[in-house]
Amino acid sequence: MNVWLALQDPNTQWVLMGCVLLGISSGVLGCFAFLRGRSLVGDALAHAALPGVCLVYLLTGSKSIGLFLIGAGVAGLLATYCITAISRHTRIKEDTSLALTLSVFFGIGIVLLTYIQHSASGNQSGLDKFLFGQAASLVFHDVITIMIVAAVLIVTTALLFKEFTLLSFDPGFGRGLGFPMGLLDGVLMLMLLMSVVIGLQAVGVVLVAAMLIAPAVTARYWTDKLGKMVILSGFFGALSGVLGTLISTQQENLPTGPTIVLSATAFFLLSLLFSPRRGVLARMVRFLSMRNKILREDVMQALYEKLEEQTKRRPTRVYYGFSGEHLAQKCGKRASAVRKAMYALQKKRYVTERSRTKEELLWTFTPDGLKEAHRLVLNQRLWDLYHMNQNQYHDLEIDVNQEELAPQLSDEELSLMLAQLSAYDLTPRLADHQGVSHLLQPSNQGGLSL
Amino acid sequence: MNTFLIILTGSLVAASCGFLGCFLILRRMAMLGDAISHAILPGIVLAFLFSGSRDILPMLIGAAVIGLITVFIVQMLNQSGVKSDAAIGVTFTALFSVGVVLVSLYTQQVDLDLDCVLYGEIAYVPWDTWQLGGTDMGPRALWGVGGVFLFSLLVIGLFFKQFKLCSFDPALAAAIGIPVMLFHYLLMTLVSLTTVAAFESVGAILVVAMLVVPSATAYLLTDRLHVMLFISMGVGVLSAVLGYFLASWLDSSIAGAMTAVAGLLFLLAFLFSPRHGLISKMVARRKVQLGEA
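About the thresholds
Residues numbered from 1 in each chain as written. Chains lettered and ligands numbered in written order. Predicted model: local features only at pLDDT ≥ 70, side-chain atom pairs only at ≥ 80, totals over all residues. Heavy atoms only, no water. Helix = DSSP H or I, 4+ residues; strand = E, 2+ residues; numbered from the N terminus. Buried < 20%, exposed > 50% of the residue type's maximum accessible area, 1.4 Å probe, protein only. Contact = heavy atoms within 4.5 Å. Areas by Shrake-Rupley, 256 points an atom, 1.4 Å probe, with all protein chains shown as cover. Phe/Tyr/Trp six-rings, centres within 6.5 Å; stacked < 30°, edge-to-face > 60°. Buried area = accessible area lost by both parts, 1.4 Å probe. Salt bridge = Lys/Arg side-chain N within 4 Å of Asp/Glu carboxyl O. Nonpolar A, V, L, I, M, F, W, Y, C, P; charged D, E, K, R; others polar. Pairing = 2+ DSSP bridges. Axes fitted to C-alpha atoms, helices over the stretch in contact; angles between N-to-C directions. Parallel < 35°, antiparallel > 145°, perpendicular 65-115°, else oblique. Left-handed = near helix turned anticlockwise from the far one by under 90°. Expected span 1.5 Å × (residues − 1). Bend = angle between axes of the 7 residues up to and from the residue. Core = buried A, V, L, I, M, F, W, Y, C linked by side-chain atoms within 4.5 Å. Patch = residues over 30% accessible without salt bridge, like charges linked within 9 Å, V, L, I, M, F, W, Y side chains within 5 Å.

A closer look at the overall build of chain A
Stage number 1. Counting its regular elements, chain A contains 19 helices and three strands.
Stage number 2. Buried positions account for 51% of the 450 residues belonging to chain A.
Stage number 3. Sequence-distant contacts, at least 24 apart, represent 66% of the contacts inside chain A between residues at least 6 apart.
Stage number 4. Approximately 21,300 Å² of chain A is accessible, and the part contributed by carbon and sulfur atoms is 60%.

What follows is the structure, encoded as structure tokens:
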């Protein structure tokens, strides 16, 4: 069936509307659940709703969605209470008490449901549809209910945004400011519960949990701001609702709930891979470029130290630079990696190929390269010194996570450290101001002379 | 006889789940059991579609593979910075959706009712028998569950020390050269196998319940791992037996009733456990207060 044609169908329009609203409200609330580390609470609440709904049906015999909402709400509250009570009063951890409450409530629900099915008047057929979800069966009346609940949820979130932010990040601080954190937590739980209950009918018990989790996790990939995250999450939820509904109209027998969830999962996967800062791809690129940078620096350091050794041993000798193999040996990398780094450095005009022996390329620094290498080596040795004699230096305000040490020091401190460096005979010997660099220039003989 | 077979199957499911569940809750992976039991649905459906039969072996393989994939994905997401609960939630709901879509698209080919998968119909166990060379070998589910139970008993028995150390102190275990990840995946394989062997006959919900509830009960009653394993199995079997009678009294789902009884037993332990129970702690506190006064 054509998508456009499907959209003409008023029934589809209702379903679409219901699913979009569900997507928005569960997306918005899911953010707070996610930040509270309670992503799976939705799952537990959805399962716990079952006995509530069944009991309401047993007691009243009616199938009104409003009554079901109340029943599910009460059962959900009870379940919430059980989860917190079990993990508070025993050594059982939160995840276990969650799983425990979920399965016991659901088991009791199944008992009630089958009891109704086996004993009842045969008019219970809508009950399991309500629980296992069938978006296609949403009618005008249900959509109105969903609309009202979703509106209440979204408006409440907007009004309590600041309080919920506190609750998500620092409840202790919130309590200190005098906010009733316990109450707010309860309100949040109640709202989660409401979004779960209205979601049940559309996507079913298991999948309603997904609608709380997936959009929130997806939104997290795109921003660090809670406000933006909530909006994005609602947006992703709505988009999943639209996409899922449309896909399910394309094929007979394709249930709407799972297609909505799969759309949400697809958005999650795309974000996981491609989001600009936290995405797997972006991180991989960062990692690789970092690795290349470190490799280049190691190679430069190796070349520098090789030159340094040489000048120390035979200050007057003419020499030609070093081959990739030599440097690979010096810094413990593979020769092919060193060669690659050399070509990259050559492009930056830090090194130049001096000459070829029979089979090998010999490398040496350009003046710029020597300056850069001197900086690198000096930095490395200062750090080594700092780490070796940390006790001596604990007055210095040093951020060990920063790459460079020297700019963090005052001139005095620096000259102190430099003096110590030379006491260890670790001062980098080859430096510009010693007039070394011009010696690295190609001479007529094609070699280096000192 | 049928009653006996049903109770036996239920007990075997409860025992093997209860046994593995202890390790799960000690490693704070209770929800992973829930996740696996939902996530293996596509594995089962695919196994149906490929093998064209309801034989237990292809299903076991399909589900175990998907179960391991689930654990693997959760671990991977976790490592790439997704919180572990969110990682579990995203993974299992997505895989479950795939399963539901597959079932819905191939309903004609696959004789697998979704309701049946969730509730399980343990009551049909005695009729679904297995033929070998013309002889009736008894209920298929019983063979499957029993086989997996013995297998996990064997594996855990052989590597009890390793599993124990990995559960309590993975860092130490890694330090003394135990391949922690290997045992992690081994445990998860056992959970997947048990889940699927029990899945068709008793439903996802009983599996999840039996993985968590009896072992949590046992956790409140003892401080020793091997005692915990036995108590957990005992509680599981007791829930299965009592649950059966509750179900036949109410004329309701047997799996559901077994779960409800397990929940009731947990409640008893929660209240009256000699050292960790709510009431006994209250009594102890009262005594202290009286002593001070």
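Here the narrative resumes.
Side note on the overall build of chain B
Stage number 1. From N to C terminus, chain B includes 14 helices and two strands.
Stage number 2. Split by element, the accessible area of chain B, about 12,100 Å² in all, is 70% carbon and sulfur.

A closer look at the packing of aromatic side chains
Stage number 1. Enumeration according to the criterion identifies 11 aromatic pairs over all chains in this entry.
Stage number 2. With 6.3 Å between their ring centres and 75° between their planes, A:F32 and A:F161 make a pair best called edge-to-face. With a gap of 129 residues between them, A:F32 in helix 2 (residues 10-35) and A:F161 in helix 8 (residues 161-169) connect regions that are remote in the sequence.
Stage number 3. For A:F161, a relative accessible area of 28% corresponds to the partly exposed category.
Stage number 4. Taken together, the ring pairs connect B:F23, B:F159, B:F163 and B:F183 into an aromatic cluster.

Points about the interface of chain B and chain A
Stage number 1. Counting residues at the interface gives 54 residues for chain B, matched by 54 residues for chain A.
Stage number 2. Buried area between chain B and chain A, summed over both chains or domains, comes out near 4,600 Å², and the portion from carbon and sulfur atoms is 73%.
Stage number 3. Remark: the boundary between chain B and chain A carries one salt bridge.
Stage number 4. Listing elements by their share of the side of chain B that touches chain A, those giving two or more residues are helix 2 (30-39), helix 5 (84-105), helix 6 (114-119), helix 11 (204-221), helix 13 (254-272) and helix 14 (278-292) of chain B.
Stage number 5. It is helix 5 of chain B that provides the largest number of residues to the side of chain B that touches chain A, a total of 15 residues.
Stage number 6. Residue classes in the side of chain B that touches chain A are distributed as 32 nonpolar, 14 polar and eight charged.

Section: the side chain of B:T195
Stage number 1. Counting through the fold element by element, B:T195 comes out in helix 10 (residues 180-202).
Stage number 2. B:T195 has contacts with B:I36, B:S37, B:I40 and B:V207, leaving out every residue within four places of it along the chain.

Examining the pairing of strand 3 (residues 361-365) of chain A
Residues and elements named next belong to chain A.
Stage number 1. Of all five residues in strand 3, five are buried, a share of seventy percent or more.
Stage number 2. Burial along strand 3 is two-sided: the residues L361, W363 and F365 and L362 and T364 are all buried.
Stage number 3. Where strand 1 (residues 322-323) and strand 3 come together, two bridges link them in antiparallel fashion. Looking at strand 3, one finds that S323 is bridged to L362.

Quick notes on the environment of B:D169
Stage number 1. If you trace the backbone, B:D169 turns up in the loop between helix 8 (160-168) and helix 9 (170-175).
Stage number 2. For the pair B:D169 and B:G277, spaced 108 residues apart in sequence, the C-alpha to C-alpha distance is 26 Å.

Quick look at the environment of B:A197
Residues and elements named next belong to chain B.
Stage number 1. Mapped onto the fold, A197 is located in helix 10.
Stage number 2. Taking relative accessible area as the criterion, A197 reaches 3% and is therefore assigned buried.
Stage number 3. Spatially, the C-alpha atoms of A197 and M31 are 19 Å apart, while their sequence positions differ by 166 residues.
Stage number 4. The contact partners of A197, leaving out residues within four places of it in the chain, are I56, L60, G144, V145 and V148.

Considerations on the packing of helix 2 of chain A against helix 7 (residues 140-159) of chain A
All names here are of chain A.
Stage number 1. Between helix 2 and helix 7, whose axes approach to 9 Å, the crossing angle comes to 25°. Here helix 2 lies roughly parallel to helix 7, going by the angle between them. Judged by the twist between their axes, the crossing of helix 2 over helix 7 is left-handed. Counting all contacts with helix 2, which are made through W14, M17, G18, L21, L22, I24, S25, V28, L29 and F32, the residues of helix 7 involved are F140, V143, I146, M147, A150, L153, I154 and T157.
Stage number 2. Among the residues forming the contact of helix 2 with helix 7, the class breakdown is 15 nonpolar, three polar and no charged.

Things to note about helix 11 of chain B
Residues and elements named next belong to chain B.
Stage number 1. The end-to-end C-alpha separation of helix 11 is 26 Å, in line with the 26 Å expected for 18 residues at 1.5 Å each.
Stage number 2. The largest bend in helix 11 amounts to roughly 30° and is located at M210, with the proline P214 lying one to four residues further along.
Stage number 3. Burial analysis of helix 11 places 17 of its 18 residues in the buried class, which makes it a mostly covered element.

Structural notes on the nonpolar core
Stage number 1. Membership of the largest hydrophobic core comes to 179 residues, with the highest contact counts inside it found for A:V217 and B:F266.
Stage number 2. Counting 25 residues, the second largest nonpolar core, distinct from the first, contains A:A302, A:L303, A:L327 and A:A337.

A word on the side chain of A:S97
Stage number 1. Tracing the backbone shows A:S97 in helix 5 (residues 94-119).
Stage number 2. Setting aside residues no more than four positions away along its own chain, A:S97 makes contact with A:I83, A:I86, A:S87 and A:I92.

Side note on the pattern of salt bridges
Residue and element names in this part refer to chain A.
Stage number 1. Evaluation of the coordinates by the stated rule reveals 16 salt bridges over all chains.
Stage number 2. Notably, a salt bridge pairs E403 with K293, separated by 2.9 Å at the nearest N-O pair. Of the two residues, E403 sits in the loop between helix 17 (367-388) and helix 18 (411-423) while K293 sits in helix 14 (residues 280-313), which places them 110 residues apart along the sequence.
Stage number 3. The partner of D298 in a salt bridge is K333, and the shortest N-O contact between them spans 2.9 Å.

Comments concerning a nonpolar patch on the surface
Residues and elements named next belong to chain A.
Stage number 1. A surface patch of nonpolar side chains, about 660 Å² in accessible area, is lined by L270, L273, F274, L281, M284, F287 and L288.
Stage number 2. Counting only elements with at least two residues in the nonpolar patch, the list comes to helix 13 (256-274) and helix 14.
Stage number 3. The greatest single-element share of the nonpolar patch, amounting to four residues, is contributed by helix 14.
Stage number 4. Within the fold, L273 resides in helix 13.

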